[in-house]
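Residue-level structure breakdown
As a plain string of letters, each chain reads:
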Amino acid sequence: MSELPRRIGGLVLVLVALALPLVLSDFWLQTGLFVMATAIGAVGLTLLVGVAGQLSLGHAAFAGIGAYVYTWSTGESTTTVSGAGLPPVVGLVLAAAVSALVGAAFSPVAGRLRGIYLGLATLGLVFIVRHLLVNLDQWTGGFTGRSVESFALGGFSFSNKDPDYLAVAGVEFEGLHRLWYLFLVLTLVGCWLAGNLRSGRTGRAWANVRDSETAAAAMGIGVARAKASVFVVSSAYAGVAGAMLALAYGRIAPDVFGLTASVDFLVMIVLGGLGSVGGAVVGALFVTALPLVLAEYSGSLPFLAAPGSGGLDPATTARMVYGLAIIAVLLFLRGGLAGAARRLRHRTSRTSPPSPAGPAPHDPISTDDVGRPAAVTPSRSKETTR
Amino acid sequence: MSYFLEQVLNGLSYGLVLSLIAAGFAIVFTSTGVLNFAHGSIVLFGAYLVAVLHPTIGFWPALLVAMAGCALVGVAINALLVRHLADKNAGTAAILMLGVDIVLLTELTRRIGNKVLTLGAPWGASVVRFGDVSLPTGRVVAAGLTVVAFAALWYLFSRTDLGVGMRAAAADGPTASLMGIRLSRTAATGWALAGVLAAVAGVFLTSFPAPGVAPTVALSAFAAIPAWVLGGFDSVPGAVVGGLIIGLTSALVTGYESDLAGVVGTGFGEVAPYVVMIVVLLVRPSGLLGSKEAVRV
Amino acid sequence: MSPPLLSVEHLHVVYDGTISALSDVSLTVDEGQVVAVLGSNGAGKTSLLRAISRALDSYGGAVTGGSVRFDGVDLAGLDTAAVVRRGLVQVPEGRRIFRDLSVEDNLRAGGYTVRDAKARAEARDRVFDLFPILAERREQPGGLLSGGQQQMLAMGRALMASPRLLLLDEPSLGLAPLLVDQIGEIVTEINRQGTAVLLIEQNAVMGLRVADAASVLEVGRVTAAGTAAELSASDEVQERYLGVAVPVVTTDPVVVDEPEIPTAQPPQQLRVEGLTVRFGGIAALSDVSFTVEPGTVHALIGPNGAGKSTLVNVLGGAYRATEGTVHYGDEELTALSAHRVAGLGVARTFQNISLALEDTVEDNLLVGRHRLMRGGVVSGAWKTPRVRREEREHRETVAGIAELLGIGHLLRTPVHTLAYGDRKRVEMGRALAARPSLLLLDEPVAGMTHGESQDMAETIRQVRRDLGLSIVLVEHDMPFVMGLAEQVTVLDFGKKIAEGTPAEVQRDPEVVRAYLGASAA
């Protein structure tokens, strides 16, 4: 079917991503790091919200936990903050594991609440985690945050330290370049795993819990367990994303993981199309890169004003654009960018139709005469409310 | 003792302001099923209008304009956006409102900038004394106006056709429309009412002891979400009860912060409402006064 | 002669863009007339009322052809509220009173369109005259009224608008025979006071008794029409709706061959003992007991609201039993959660088809395999060779099941493009994919044409023959069950009123009364 062109397309994208550091400036590399970090978070959230239908406004809280666990476990103790001084790889695994654990601990709440009620409970989580981050200052550095140890694997540092000089094709490979490849590997693996989950037994179970918990249970799917598993998986993704953000920033503070960040994650997956892994990545690209790019090039964009002048400064413009984008997508672009792309593919492939061998043209009745047309069961609903 | 009493009165009067906002959440939710994440921005918009207009037309007329303006914004959001949502479920609508919130808040933030606008309220920073206890005049006025507002709401919902129609529409929209009740009209009324309440709340959230109109007000309006959830999603009386509990909780936690800091850390006053909310959601998902969800599949 | 008050001409209604609910339906109601529309579940009766009230939109339906004229005016382009203001008011099926509002506020909502205070007071007095009980209980929330009183409130609420034409959707639904008679008398009285009535009924006896004229609706088409007397005399109506002389089809003897596709476990005996289910004080089932022998087809029949679906939901673990037990073999189903019940090899279908519409038929069927697959989160994420192999094997099995049900060619098709009958098959396929030893079918032929339900009956026989499993069949349609089941249990008002072979049950006077109302027996 359309497998082959998709694979070729994917391969080309990977090759481009591999080659990009050779030509990009530091600004673009830095932007790329942020995009990849948030993309991982968005992929995790799209599994939770898009596939399993569990609305979460608390994704940033899990990312925050991941970021701080990584930073604490790899950091050295100083007079103000403690650290475990563990190897960075261990820190990364711990970041995922601790976030996943907190997700598991929170999943009983998810078992009791649905739809926007769950969304509201997770909203509380953001405030609670932020409070803890500010107050547990021996570990977190409090309100002002703490700096992050750079990543290293074996003796190979992902900063400008060791080995001192590394060059490929005449381009000097500095910390940013090295991190780019680390992030690229993490992102690819993350997307691949998420795609597998989505299309396999687990993903089908999640989607059924979303569509109808009653029907899911009747098929032998343990609803509570399915919800717990999706919370654990998405929290682990958030944890890794948090650790990556910590690495990309080099210094973290509680406000990075506030409500705004949670909303940003949601915006990404809605723009990209709920439930679509590729869509989540594209959404992350849009939401994360837009403000950075606008800020970088504000000088050469005549319609942008200087920050604080009351005009359209870059940050304001970026927020405005994606606020409007989310409204536009919800009103006009069903299924987000991924949905639009799917429809486009369908339309182009219609010319050589794999037409189903003629379902009867005369369709019988749809109403069950009870409440609503039987065939219009909560169609395509991304979640159930009470 | 008088310190305690002062905290309690502070909390209750602040709670009444929160309950105005919470009632806005409840009314919009029952009349259109939308979790209005843009409500905080509408509160800010109301305060902003008063701040901008009071030098020219005076405080009270400015407040009236703000009430009308907020009502209009609500009605417009409903008519232009919510009603055209392709995928009508509560989750998508909530995300849509997040988008609206981003746009509104960004624009208001841009206009306000780094300044803190003054409100020009006639009571200024004055204080009323009851024996040893002193309370900002603004809070006393707020309490009075809130009581009036809720009395008016009670009258509307129980004594007028429109109110009964709104309750019927909220209980069962399709059936209500079979009675000739236009759902678009009850929905618009709901959004308008919420807007009016938001404007009033906006004024009291930004007048003394608060410094003035600044973008952070939209966020402090978020504190009304726990109040709303606590009271029950579809209950206006619940919003009052929830507002009072949350107001009291955060006033007491903040008032006794130095005593509590060892246990819960500093700044817990901002978080306490959310902790209460999660506990209530777990124990009683329909809130204190909300109607139970049907158990039949 | 003056034009009819209501005239429906060549009406076509479609849901969700593809699924046709009414085709070429025409009927008229004259001033002062009572007209009944008869038909079984899924015949399109409610769709007809929605189309007349212009309320299809909120259910995803649309009128795609024909017209509805009220008092000479084409209603196309009007909204529901405008229709109500013209004097055409509907009492929806299932009463749909506002439970949290007091009786008085319910009536007030009904009189929403009446601006004149005096007219409104008169209307209310008339309603209280007609239903004295409502005056007595005016302060109470509507939800506290009994079923019959709720029906009265729903009718009174509609009368508050002083309609010229009253649309009644199944007013007898779920009411005891005596109350049904009473409601019938009230309809006659309302009509005597000058209101025309369009009455939708499944209870043909009641419908034909109060009506001047009637139409029979079957799968979206009018198949018979005439005066009430003509229809009562018609053979077909007698046979299908009045329960007279249903030909007894002898059930094929049970030949338990070696099943072609082995079930996970051989079927067990299903024992329901003293089962009671209450919803907030109202008993949906009381003290029901019966036994389903392994490998047999057991039908549960009864009028709407008899508690059949509640029973299936208890068997499947979706509802909790208030009292009593259900055993499947040695396991007590009533103590298990739904997914554990499924794990024992109990699979079910739903009355209102519950499929993932965006997904392909294959993916929907694979969900049925969930309990038989082992791939977990970790192995699934890494797509280990074992998971790949498992996925491939189960896809093959599922393809086999699709062939068995005649939907093999649709495997890659998204469900939302399928016809209704095919969707029913997909749902059955999903249940079969779980390799059940006990299959619960909740109204498998509701809304199907006669031909389609014959096909479905054949499929069920085949499934039973090939897979050697027990089937519990909940059905409304008596003739369908008669040709299929070895044992029948009849429910009415949550109680078991008869049990036996189809032939025995059909002759039982209790059953005849339950289906046809008190006066028929």
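Per chain, the residues get numbers from 1 upward, laid out in the order the sequence is written. Note on labels: chains are lettered from A, ligands numbered from 1, in written order. Where totals are concerned, whole chains, interfaces and linings use all residues; where local detail is concerned, this predicted model gives features only for residues with pLDDT of at least 70, and gives and counts side-chain atom pairs only at 80 or more. Just so you know, side-chain values use all the structure's heavy atoms and leave hydrogens and water out.

The helix count covers DSSP runs of H or I at least four residues long, the strand count covers runs of E at least two residues long, and both are numbered beginning at the N terminus. Within chain A one finds 14 helices and six strands. Working rule for contacts: check all heavy atoms of both residues, and any pair within 4.5 Å makes them a contact. Restricting the contact set of chain A to residue pairs at least 6 apart, pairs at least 24 apart contribute 72%. Only the protein chains shown count as covering a residue, and every accessible area follows the Shrake-Rupley method with a 1.4 Å probe. Carbon and sulfur atoms form 67% of the exposed surface of chain A, whose accessible area is close to 15500 Å².

What follows deals with the interface of chain C and chain B. On the chain B side, the residues contacting the 29 residues of chain C number 24 residues. Around 2300 Å² of area is buried between chain C and chain B when both sides are counted, 58% of it from carbon and sulfur atoms. Throughout, buried area stands for the accessible area (probe radius 1.4 Å) lost by two parts on being put together, summed over both. Summed over the three residues of chain C that lose the most area to chain B, namely Phe98, Arg108 and Tyr112 of chain C, the buried surface amounts to 28% of that side. In the sections that follow, a salt bridge refers to a side-chain nitrogen of Lys or Arg positioned within 4 Å of a carboxyl oxygen of Asp or Glu. Scanning the region where chain C abuts chain B turns up six salt bridges. Between arginine 108 of chain C and aspartate 161 of chain B there is a salt bridge whose closest N-O contact spans 3.2 Å. Mapped by element, the contributors of at least two residues to the side of chain C that touches chain B are α2 (80-85), β6 (88-91) and α3 (103-110) of chain C. Counting residues per element, the side of chain C that touches chain B draws most heavily on α2 of chain C, which supplies five residues. Throughout, the ten residues Ala, Val, Leu, Ile, Met, Phe, Trp, Tyr, Cys and Pro are labelled nonpolar, Asp, Glu, Lys and Arg are labelled charged, and all others, Gly among them, are labelled polar. Within the side of chain C that touches chain B, the residues separate by chemical class into 14 nonpolar, six polar and nine charged.

What follows is about a nonpolar patch on the surface. Patches in this entry comprise residues that are over 30% relatively accessible and not in a salt bridge; like charges within 9 Å are linked, as are nonpolar side chains (Val, Leu, Ile, Met, Phe, Trp, Tyr) within 5 Å. Taken together, the side chains of Val185, Val189 and Trp192 of chain A together with Val378 and Trp382 of chain C present a nonpolar region at the surface, about 500 Å² in accessible area. When contributions to the nonpolar patch are tallied by element, the ones reaching two or more residues are α7 (175-199) of chain A together with α14 (377-382) of chain C. Of all the elements, α7 of chain A adds the most residues to the nonpolar patch, at three residues. Looking at where valine 185 of chain A falls in the secondary structure, it is placed in helix α7.

Attention shifts here to the sheet that holds strand β4 (residues 61-70) of chain C. Residue and element names in this part refer to chain C. One bridge is not enough; two strands pair if DSSP finds at least two bridges between them. Overall, antiparallel pairing links the four strands, which are arranged β2-β1-β4-β5 in an open sheet. Pairing within the sheet leaves two strands with one partner each, and these edge strands are β2 (19-29) and β5 (73-74). Pairing analysis gives two bridges linking β4 to β5, with the strands arranged antiparallel. Across the sheet, the residue bridging to arginine 69 is aspartate 74, located in β5.

This part is about the nonpolar core. Within the largest apolar cluster, 195 residues are counted, with the highest numbers of intra-cluster contacts made by Phe183 of chain A together with Met97, Ile225 and Trp228 of chain B. Residues contacting tryptophan 228 of chain B, with those up to four places away along its chain left out, are Leu120 of chain A together with Ala22, Phe25, Ala26, Phe29, Leu35 and Phe233 of chain B. Core analysis: the next-biggest nonpolar cluster, separate from the first, contains 50 residues, Leu404, Val426, Met478 and Phe480 of chain C among them. Throughout, nonpolar core names a set of buried Ala, Val, Leu, Ile, Met, Phe, Trp, Tyr and Cys residues whose side chains join them through atoms within 4.5 Å. Buried residues are those whose accessible area, probed at 1.4 Å on protein chains only, stays under 20% of the maximum for their type, while exposed residues exceed 50% and partly exposed ones sit between those limits.

Keep in mind that low pLDDT regions are not for reading the predicted coordinates in detail. All names here are of chain B. On a scale of 0 to 100, pLDDT captures the predictor's confidence in every residue. Across chain B, pLDDT averages 88, with 97% of residues at or above 70. Considering each helix and strand of chain B separately, the mean pLDDT is smallest for helix α12 (residues 257-264), with a value of 77, and largest for helix α3 (residues 59-81), with 96. In the model, residues 293-297 has pLDDT below 50 throughout and makes eight contacts with residues more than four positions away in sequence or in other chains. Among the prediction metrics, the complex's ipTM stands at 0.88, with pTM recorded as 0.87.

A separate point is the side chain of threonine 46 of chain A. All names here are of chain A. Relative to the helices and strands, threonine 46 resides in helix α2 (residues 26-51). At 2.9 Å, the side chain of threonine 46 and the backbone nitrogen of glycine 275 are in polar contact. If sequence neighbours within four positions are ignored, threonine 46 has contacts with Val51, Ile269, Gly273, Leu274, Gly275, Ser276, Val277 and Ala280. Pairing of N or O atoms within 3.5 Å defines a polar contact, subject to two protein rules: one partner must be a possible hydrogen donor and the other a possible acceptor, and residues neighboring in sequence count only if both atoms are side-chain atoms.

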